[in-house]
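Take a look at the letters that make up each chain.
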Amino acid sequence: NPTFIGRMESGWAFLGLNQVLKGCCFLVADPFVSDIEELSSPAQIVFFNDMLILGRAIQAVTSAARVNYLFLGNKDPVLHVHLVPRYADEPEEYRSRGPWHYPNYVKFELARDQALVEALAQEILKARKKVV
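Residues numbered from 1 in each chain as written. Predicted model: local features only at pLDDT ≥ 70, side-chain atom pairs only at ≥ 80, totals over all residues. Heavy atoms only, no water.

**Comments concerning the sheet that holds strand β5 (residues 80–86)**
Consideration 1: Strand order in the open sheet formed by five strands is β1-β2-β3-β5-β4, and the pairing between neighbours is antiparallel. Looking at strand neighbours, the two that pair on one side only are β1 (4–7) and β4 (66–70), the edges of this open sheet. Adjacent strand axes in the sheet meet at a mean angle of 20 degrees, parallel and antiparallel pairs treated alike.
Consideration 2: Direction of pairing for β4 relative to β5: antiparallel, over a ladder of five bridges. Along β5, the bridge assignment pairs L70 with H82.
Consideration 3: In the packing of helix α1 (residues 41–62) onto the sheet, the strands contacted are β1, β2 (11–15), β3 (25–29), β4 and β5, and the crossing angle to β3 comes to about 160 degrees. (Pairing = 2+ DSSP bridges. Helix = DSSP H or I, 4+ residues; strand = E, 2+ residues; numbered from the N terminus. Axes fitted to C-alpha atoms, helices over the stretch in contact; angles between N-to-C directions. Contact = heavy atoms within 4.5 Å.)

Listed below in structure tokens is the structure:
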């Protein structure tokens, strides 16, 4: 899968198929569960830690002003979190709204997005080395 960023302690990180906001990613829990409450307390902490590592990687690579973390799960009943970078230069009408309000869909393109996938993977590796 060309959107695959890497294996994390709690699951799998992927670049999103919609890149209307550059750096949209998601983290999927492994083992597959449908809800965060199905994980043990220690596993929840690991999942949230991985989520924050991925969020910091997104900010470092994209210079996003912040990252929004969205737990939806209505369509796919597998625990995952969407990480959506937000930028200071977004149009005012979208700045305080969810990314699905943008009128355009920017589909993942390997030629354009491969460098982003690789840069995110490298940031995650750097974060892991700091923890060790």
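Further notes follow.
**Looking at the nonpolar core**
Consideration 1: One finds I5, L54 and L83 to be the most contacted residues of the largest nonpolar core, which totals 26 residues.
Consideration 2: Every element with two or more residues in this core is listed here: β2, β3, α1, β5 and α3 (110–131).
Consideration 3: Among the elements that make up this core, the one with the highest residue count is α1 (six residues).
Consideration 4: Counting nine residues, the second largest nonpolar core, distinct from the first, contains A64, L70, V84 and Y102. (Core = buried A, V, L, I, M, F, W, Y, C linked by side-chain atoms within 4.5 Å. Buried < 20%, exposed > 50% of the residue type's maximum accessible area, 1.4 Å probe, protein only.)

**Quick notes on the environment of L54**
Consideration 1: By the element assignment, L54 lies in helix α1.
Consideration 2: Between the C-alpha atoms of L54 and L83, which are 29 residues apart in sequence, the distance is 8.1 Å.
Consideration 3: Leave out the neighbours within four places in its chain, and L54 touches I5, M8, A13, C25, F26, L27, L83 and I124.

**A closer look at the pairing of β1**
Consideration 1: Examined bridge by bridge, β1 and β2 share three bridges and lie antiparallel to one another. Counted as the bridge partner of F4 is F14 from β2.
Consideration 2: Adjacent in sequence and paired antiparallel, β1 and β2 are bridged by three residues.

**So, the environment of E123**
Consideration 1: Position of E123 among the secondary structure elements: in helix α3.
Consideration 2: Sequence-wise, E123 and P77 are 46 residues apart; in three dimensions their C-alpha atoms are separated by 29 Å.
Consideration 3: Not counting chain neighbours up to four residues away, the residues in contact with E123 comprise A57, A60 and V61.
Consideration 4: Looking at E123, its side chain comes within polar contact range of the side chain of K126, at 2.9 Å. (Polar contact = N/O pair within 3.5 Å; in protein donor to acceptor, adjacent residues only side chain to side chain.)

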